[in-house]
Amino acid sequence: IFKLDNSILGKIKRKESELEWLCGFAEAESMFFISKTGALSFRIKLHRDDRQSLEYIQNLLGELAGRKVGVIVDSKADHESYYTIAKFRDILEILIPIFSTYYFTTSKYLDFQDFKTAAEIKKNSFIEKRKLNEDELNEILRLKSSMNYQRIPFNTNDLPKRPLTPYRLLGFTEGDGTFCIANMIPTFAIKQHSKNVHFLYEIAEFLNNLPYKPEIG
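So, a few notes on the structure that sits alongside this text. (Residues numbered from 1 in each chain as written. Predicted model: local features only at pLDDT ≥ 70, side-chain atom pairs only at ≥ 80, totals over all residues. Heavy atoms only, no water.)

**Describing the overall build of the protein chain**
Part 1: From N to C terminus, the protein chain includes eight helices and six strands.
Part 2: Taking 2.2 N^0.38 as the reference for a compact globule, 217 residues should give roughly 17 Å; the C-alpha atoms of the protein chain span a radius of gyration of 19 Å, in line with that estimate.
Part 3: Out of the 217 residues in the protein chain, the part that is buried amounts to 43%.
Part 4: A fraction of 68% describes how many contacts in the protein chain between residues 6 or more apart in sequence connect residues 24 or more apart.
Part 5: As displayed, the protein chain has an accessible area near 12800 Å², and 54% of this comes from carbon and sulfur atoms.
Part 6: Counting 31 positive and 29 negative side-chain charges, the protein chain places the averaged centre of each group 5 Å from the other. (Helix = DSSP H or I, 4+ residues; strand = E, 2+ residues; numbered from the N terminus. Rg over C-alpha atoms; globule rule 2.2 N^0.38 Å. Buried < 20%, exposed > 50% of the residue type's maximum accessible area, 1.4 Å probe, protein only. Contact = heavy atoms within 4.5 Å. Areas by Shrake-Rupley, 256 points an atom, 1.4 Å probe, with all protein chains shown as cover. Lys, Arg positive; Asp, Glu negative; His and termini not counted. Charge placed at Lys NZ, Arg CZ, Asp CG, Glu CD.)

**Some words on the sheet that holds strand 4 (residues 80-85)**
Part 1: Spatially, the four strands line up as an open sheet ordered 1-2-4-3, and their pairing is antiparallel. The open sheet has two edge strands, strand 1 (30-34) and strand 3 (71-75), and neither has a second partner. Recorded for the sheet is a direction-independent mean angle of 25° between the axes of neighbouring strands.
Part 2: Sheet topology places strand 1 next to strand 2 (residues 40-47); five bridges connect them, and they run antiparallel. Bridging from a neighbouring strand, Phe32 pairs with Phe42 of strand 2. (Pairing = 2+ DSSP bridges. Axes fitted to C-alpha atoms, helices over the stretch in contact; angles between N-to-C directions.)

**Looking at helix 8 (residues 197-208)**
Part 1: Across its twelve residues, helix 8 extends 17 Å between first and last C-alpha, which sits within 8% of the 16 Å expected from 1.5 Å per residue.
Part 2: Listed as buried for helix 8 are His198, Phe199, Ile203 and Phe206. The buried residues of helix 8 all sit within an arc of 145° when viewed along its axis, so they share a single face. Away from the buried face of helix 8 by more than 90 degrees, exposed residues Tyr201, Glu205 and Asn208 are located.
Part 3: Against helix 2 (16-29), helix 7 (166-176) and strand 6 (185-190) lie the buried residues of helix 8. (Expected span 1.5 Å × (residues − 1). Arc of directions from axis to C-beta.)

If you want it as structure tokens, here you go:
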């Protein structure tokens, strides 16, 4: 079980608004990866026009860590930019404490839990400065086999629940929201896989419960 560093945890709690935004944005745009060799990484891919969002995230995490966290790489051919965290120390000390505190409530939560469990297995070899043994690698690969697109159907009751906050909704909207005019009607939409339809209901309920302010429409 991870023991969160108190100094890092204090910084994380003081950055609640920014990290709630990050949680929402990561819920929409990020992926947790495990390689065939048991290496762990976290990635966000955006169009190059939105590179400043990746720079903001990198600076935010760097401020928490007191060092540079992750790298941003631009793909000229695909007009995309990638932010990747692959150093295990950054995953262990920064990434996992953040998403354990400001946790997901969609299927991303299950991917993160598998990722976190894999990190716990890998931690001993990291501390002892050795390669994963066969049993450790096989257990990590077992976790990998059910993550992301390979995940089998699950019961949404197994997901945690917590109130949706404005900053988390803002982050999620920046990641997956769309504003358009359809048949001369201004429209806001968010598209999600059917396995996360419960989260769309949560968003709808949150917006319906906001006080009406005639001055903004």
